[in-house]
Amino acid sequence: MMTVDFRSDTVTKPTPGMLEAMMTAEVGDDVFNEDPTIKKLEAKIAVMFGKEAAIYCPSGTMTNQIALRIHTQPQDEVICDKRSHIYLYEGGGIASNSHISARLVDGDRGRLSPEHILENINNPDDIHLPLTTLVSLENTMNKGGGAYYTLAQIKAVSDAARSNSLKMHLDGARIFNALVETGDRPEDVGELFDTVSACFSKGLGAPVGSALVGSHEHIKKAKRVRKVFGGGMRQAGFLAAACIYALDNHVERLKIDHQKAKALGGLIETIPYVTGLLPVDTNIVIFELDKKVLATDMVAKLKEAGILAVPFGKHEVRLVTHLDIKDDMIDYFGQAVGKLKSAF
Ligand SMILES: *Cc1c(COP(=O)(O)O)cnc(C)c1O
């Protein structure tokens, strides 16, 4: 029996080419600003997004949390979707790290519109209300089934935010999944935000790390916060080399992951007790089960068949495609699904 791991696009192992790049990396102490490979990665990702500077961090949670911290003051409020990673999956860091509140809105599969911004800005003259200072978007939207924004949609939100003096942050854990679909240039997206967080450890297949890009001033502040969060790393160039390799070799191929995800979606729709499937726009497949079937039970059944997935709600299950999913694994999934049709 095969084991096929659709739990997340974080489960990938470095390819031989990536490992080679890591083993031969030139390194130094990055807390002393002496790691040439870290510097190379930071310069590369900053230029890609049209920004002055970047900072490499151990995780996307850290880059997001640093951004929240540098853009706000205690008691401020950030507008974000109710399904946002920054709200749901960062351990309450919004409150504990930045001492701010979140204004949760219900976007279209997690995507916000200009109206969401305009309707949720507090009157700055009313001392009862937290001061609205930041908007945080997520692209692609994990909990929205990998939904992405077009450049025009982001621009409309950004215009609404900036005309009200709000800062803009992007949680771009999967920004490259969005960009290969829209064909937009990263620098055009970067222009619409003050800071962008991009993960190398998701679809790009690097073992560790995320970058935050922004102005010199933002990244200078970010370095201070990263140190406090315990994210200053030493000879991290070994990790950065994998990220450089990923940017050079693993961006265009994300389309393959998206095709595979669409194929999974088609197979899942044939299961009689599947009552819903979010549109499969990128590499994330979220489906809903009949109310009689618990997600945990479905995940257990899949596991018995060698398919790993995660429960994503009481009756929702998520599958993610990635670099280590090969064609024969999709065929294998098809066979497993055939057998599971009468499981519940
Ligand atoms: C994975 C992810 C992050 C960052 O996660 P880490 O595991 O901390 O690197 C941030 N936002 C979204 C939408 C994610 O999917």
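As annotated in an unreviewed UniProt entry, the chain is GntG family PLP-dependent aldolase from Imperialibacter roseus. Regarding the chain, the UniProt comment filed under Cofactor (unreviewed entry) reads as follows: "pyridoxal 5'-phosphate". We quote the UniProt Sequence similarities (unreviewed entry) comment for the chain here in full: "Belongs to the threonine aldolase family."

Q: Describe the site of the ligand, naming the residues involved and giving the relevant values.
A: Surrounding the ligand, one finds S59, G60, T61, N64, H85, E90, E138, D171, A173, R174 and K202. The contact in question runs from an oxygen atom of the ligand to an N or O atom on the side chain of T61, over 2.5 Å. H85 places a side-chain nitrogen or oxygen 3.5 Å from a nitrogen atom of the ligand. For the ligand, the accessible surface in isolation is 380 Å², of which the surrounding protein chains cover 84%. Among the elements that take part in the shell around the ligand, helix α3 (residues 60-71) stands out by supplying three residues, more than any other. Of the residues belonging to the shell around the ligand, the class tally is one nonpolar, five polar and five charged.

Q: Tell me what's going on with the packing of helix α1 (residues 16-23) against helix α11 (residues 237-249), and back it up with residues and numbers.
A: Taken N-terminus to C-terminus, the directions of α1 and α11 make an angle of 140°; their axes are 8 Å apart at the nearest point. In this view, α1 runs oblique relative to α11, as classed from their interaxial angle. Crossing hand, α1 versus α11: right-handed. Residues G17, M18, A21 and M22 of α1 pack against F238, L239, A241, A242, Y245 and A246 of α11. Looking at side-chain class alone, the contact of α1 with α11 contains nine nonpolar, one polar and no charged residues.

Q: Break down the nonpolar core for me, citing the residues and quoting the values.
A: Core analysis: the biggest nonpolar cluster contains 48 residues, and L137, F176 and F200 have the highest contact counts within it. Ranked by the residues each element gives to this core, the list is headed by α11, at six residues. Other than its neighbours up to four places away in sequence, L137 contacts L112, Y149, I154, V157, M168, H169, L170, D171 and F193. The next biggest cluster of nonpolar side chains, apart from the first, holds 30 residues, and it includes L264, L289, A305 and V317.

Q: Just give me the short version of the pairing of strand β13 (residues 316-320), but keep the residues and values in it.
A: For β13, a buried count of four out of five residues is recorded, marking the element as mostly surrounded by other parts of the structure. Pairing between strand β10 (residues 284-289) and β13: five bridges, direction antiparallel. Across the sheet, residue V285 finds its bridge partner in β13, namely L319. Two elements, strand β12 (residues 310-311) and β13, share two bridges in a ladder whose sense is antiparallel. Within β13, the position partnered with V310 by the bridge is R318. Remark: four residues form the turn of the hairpin made by β12 and β13, two consecutive strands paired antiparallel; G313 in that turn has positive phi of roughly 140°.

Q: Please give an account of the UniProt feature "domain: Aromatic amino acid beta-eliminating lyase/threonine aldolase" (unreviewed entry) in the chain that cites residues and values.
A: The UniProt entry lists residues 5-290 under the feature "domain: Aromatic amino acid beta-eliminating lyase/threonine aldolase" (unreviewed entry), expressed in the numbering used here. Annotated as 40% helix and 18% strand, the span residues 5-290 places its first and last C-alpha atoms 24 Å apart.

Q: Any details on the side chain of S136? Residues and values, ideally.
A: By the secondary structure assignment, S136 is in strand β5 (residues 131-138). When residues no more than four places from it in sequence are discounted, the contact partners of S136 are V78, I79, C80, I86 and H169.

Q: Give me the lowdown on the sheet that holds strand β3 (residues 76-81), citing residues and values where you can.
A: Overall, mixed pairing links the seven strands, which are arranged β2-β8-β7-β6-β5-β3-β4 in an open sheet. Each end of this open sheet is capped by a strand with a single partner; those strands are β2 (53-57) and β4 (101-105). Ignoring strand direction, the axes of neighbouring strands in this sheet form an average angle of 20°. Pairing of strand β6 (residues 167-172) with strand β7 (residues 195-199) involves four bridges; the strand directions are parallel. Bridging across to β7, D171 finds its partner in S197. Docked against the sheet, helix α2 (residues 36-48) engages β2 and β8 (210-214), running at close to 125° with respect to β2. α3 rests against β2, β3, β5, β6, β7 and β8 of the sheet, and its axis sits at about 170° to β7.

Q: Residues and numbers for the packing of helix α8 (residues 175-182) against helix α12 (residues 254-268), please.
A: Where α8 contacts α12, the two axes come as close as 9 Å, and the packing angle between them is 85°. What the angle tells us is that α8 and α12 run roughly perpendicular. Residues F176, N177, V180 and E181 of α8 form the contact with α12, whose participating residues are L254, K255 and H258.

Rules used in this analysis
Residues numbered from 1 in each chain as written. Predicted model: local features only at pLDDT ≥ 70, side-chain atom pairs only at ≥ 80, totals over all residues. Heavy atoms only, no water. UniProt positions renumbered as here; feature names shortened; annotations may be inferred. Near = heavy atom within 4 Å. Polar contact = N/O pair within 3.5 Å; in protein donor to acceptor, adjacent residues only side chain to side chain. Areas by Shrake-Rupley, 256 points an atom, 1.4 Å probe, with all protein chains shown as cover. Helix = DSSP H or I, 4+ residues; strand = E, 2+ residues; numbered from the N terminus. Nonpolar A, V, L, I, M, F, W, Y, C, P; charged D, E, K, R; others polar. Axes fitted to C-alpha atoms, helices over the stretch in contact; angles between N-to-C directions. Parallel < 35°, antiparallel > 145°, perpendicular 65-115°, else oblique. Left-handed = near helix turned anticlockwise from the far one by under 90°. Contact = heavy atoms within 4.5 Å. Core = buried A, V, L, I, M, F, W, Y, C linked by side-chain atoms within 4.5 Å. Buried < 20%, exposed > 50% of the residue type's maximum accessible area, 1.4 Å probe, protein only. Pairing = 2+ DSSP bridges.

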